[in-house]
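# An overview of the molecular structure
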Amino acid sequence: MTFTSWRSLGTRTGYTEHSLAETLNGGQSFRWSLEENGVWRGTWNRCHVELRLRGSRLEWRTPEAAKVKRSEVERYLSLGESYAVACEELPWRSDPVLARAVERFRGLRILRQPFGETLFAFLLSSAKSIPQIKELCGKTAQAYGDEILPGVYALPTWKRLAEVPEKELRVLKFGYRAKYVSQTAKVLAEEPDFIEKLQETSYVEARSRLMELPGVGGKVADCTLLFGGSKLEAFPVDTWIAKVMSELYGLPDLNLEQMATFGRIHFGRYAGLAQQFLFSLVRQE
DNA sequence: CCGCAGCCTCCCCT
DNA sequence: AAGGGGAGGCTGC
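Residues numbered from 1 in each chain as written. Chains lettered and ligands numbered in written order. Predicted model: local features only at pLDDT ≥ 70, side-chain atom pairs only at ≥ 80, totals over all residues. Heavy atoms only, no water.

## Describing the protein's contact with DNA strand B
Heads up, the condition is: For each residue, the test is whether any non-hydrogen atom lies within 4 Å of the molecule or strand; if one does, the residue is near. Any pair of N or O atoms that falls within 3.5 Å is considered a polar contact. Within protein, one atom must be able to donate a hydrogen and the other to accept it, and sequence-neighbouring residues count only if both atoms are side-chain atoms.
Lining the immediate environment of DNA strand B, one finds Q132, R170, K173, G175, Y176, R177 and N255. Backbone atoms, meaning sugar and phosphate, make up 62% of the atoms of DNA strand B lying within 4 Å of the protein. Note that a sugar or linking oxygen of DNA strand B is positioned 3.0 Å from one of the backbone N or O atoms of Y176. Between DNA strand B and R177, the relevant distance is 2.9 Å, taken from a base oxygen to a side-chain nitrogen or oxygen of the residue.

## Points about the environment of P150
Condition: Every helix listed is a DSSP run of H or I at least four residues long, and every strand listed is a run of E at least two residues long, numbered separately from the N terminus.
Tracing the sequence through the fold places P150 in the loop between β6 (147–149) and β7 (152–153). In the structure, P150 is positioned 65 residues away from V85 in sequence and 41 Å away in space, judged by C-alpha atoms.

## Topic: the sheet that holds strand β3 (residues 40–44)
Formally: At least two DSSP bridges between two strands are required for those strands to pair.
Read across the sheet, five strands follow the order β1-β5-β4-β3-β2 without closing on themselves; strand pairing throughout is antiparallel. One side of each edge strand has no neighbouring strand; the edge strands of this open sheet are β1 (7–8) and β2 (32–34). Relative to strand β5 (residues 57–61), β1 runs antiparallel, the two being bridged by two bridges. Bridging from a neighbouring strand, S8 pairs with E59 of β5.

## Side note on the pairing of β5
Alignment of strand β4 (residues 47–54) against β5, held across five bridges, turns out to be antiparallel. Looking at β5, one finds that L53 is bridged to L58. Connecting β4 to the antiparallel partner β5 that follows it, the hairpin turn spans two residues, and G55 within it adopts a positive phi of roughly 65°.

## Notes on the packing of helix α4 (residues 96–104) against helix α15 (residues 271–284)
Defined as follows: For every element, the axis is a line fit to its C-alpha atoms; helices are fit only across the contacting stretch, and the angle between N-to-C directions ranges from 0 to 180 degrees. Should an angle fall under 35 degrees it is taken as roughly parallel, and over 145 as roughly antiparallel, whereas 65 to 115 is taken as roughly perpendicular and any remaining angle as oblique. Here, residues are in contact when the closest pair of their heavy atoms is within 4.5 Å. Note on residue categories: nonpolar means Ala, Val, Leu, Ile, Met, Phe, Trp, Tyr, Cys or Pro, charged means Asp, Glu, Lys or Arg, and polar means any other residue, Gly included.
Axis separation between α4 and α15 bottoms out at 9 Å; the angle between their running directions is 80°. Here α4 lies roughly perpendicular to α15, going by the angle between them. Packed against α4, whose contacting residues are V97, L98, R100, A101, V102 and R104, the element α15 presents A274, F277, L278, L281 and Q284 at the interface. For the contact of α4 with α15, a count of residues per class yields eight nonpolar, one polar and two charged.

## Remarks on the state of the cysteines
In protein structure, a disulfide is the covalent linkage between the sulfur atoms of two cysteines. Stated formally: In this description, a disulfide is simply a cysteine sulfur pair whose atoms lie within 2.5 Å.
Enumeration over the complete set of coordinates arrives at zero disulfides. No disulfide involves C137; its nearest neighbouring cysteine sulfur is the one of C223, lying 13 Å away.

Structure, rendered in structure tokens:
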């Protein structure tokens, strides 16, 4: 494959190697891999790009045949957003735990992934580690997705997934998640504008609609809305964040749903960004 | 309303 | 070395 030359995405993104790795490979997306030469390679929709950091300058390139636009990359990486403003608005001044996390992972941000792909990945996420989820996504793309470039496969659409028998997904080692994917695919196939309509509604409404889908509980709904729907007030509570709330915030008696509510109130409009900082913090320790 | 086992499979631990 | 327990969760009892 012939790539374009490296192009700058700016020198003021705030990214460090550390926070870039945490953003691309820290549990938001499962479609990035780090090559030996320090280059990140990732795929979303029909976009395929490489990223690297040269000092403070973030650079990208893409196979010429892929026809990826700079604006698509900027949007995906959420570069145009006022990231500094969001960080500034987080309550780190009165919250030493958050302050430590923000300091340690400066540059970490929330991606804007395709909604459908995000939903798919998080339907697979229960009781799975990041490498395992990546493996399942990769196998699914190869089995049912389009080959958008030689050897590069996009994830299949939900329409395509609706045609795949649950049994085949079990062969790919989806386990009990095969049923979630299969049944959700059927619902989405019957209601083609389900996802589109959902993105136009408020966080609260979108969350409860998403939770009607088989295999989607509060955590999966929040991850989908945060990483794939740009609902930055979503505060996903997994076992790691539960540990943070319990041990670092002194709230061991709240259940998961109560922790999610606490998070949205305590951290405010950008609770999801705070969650990602805290998630990186505990996961590292 | 709450808490818990079961679900697939893999991995880690003993 | 084989076998139990838990994993970035959801569902039904």
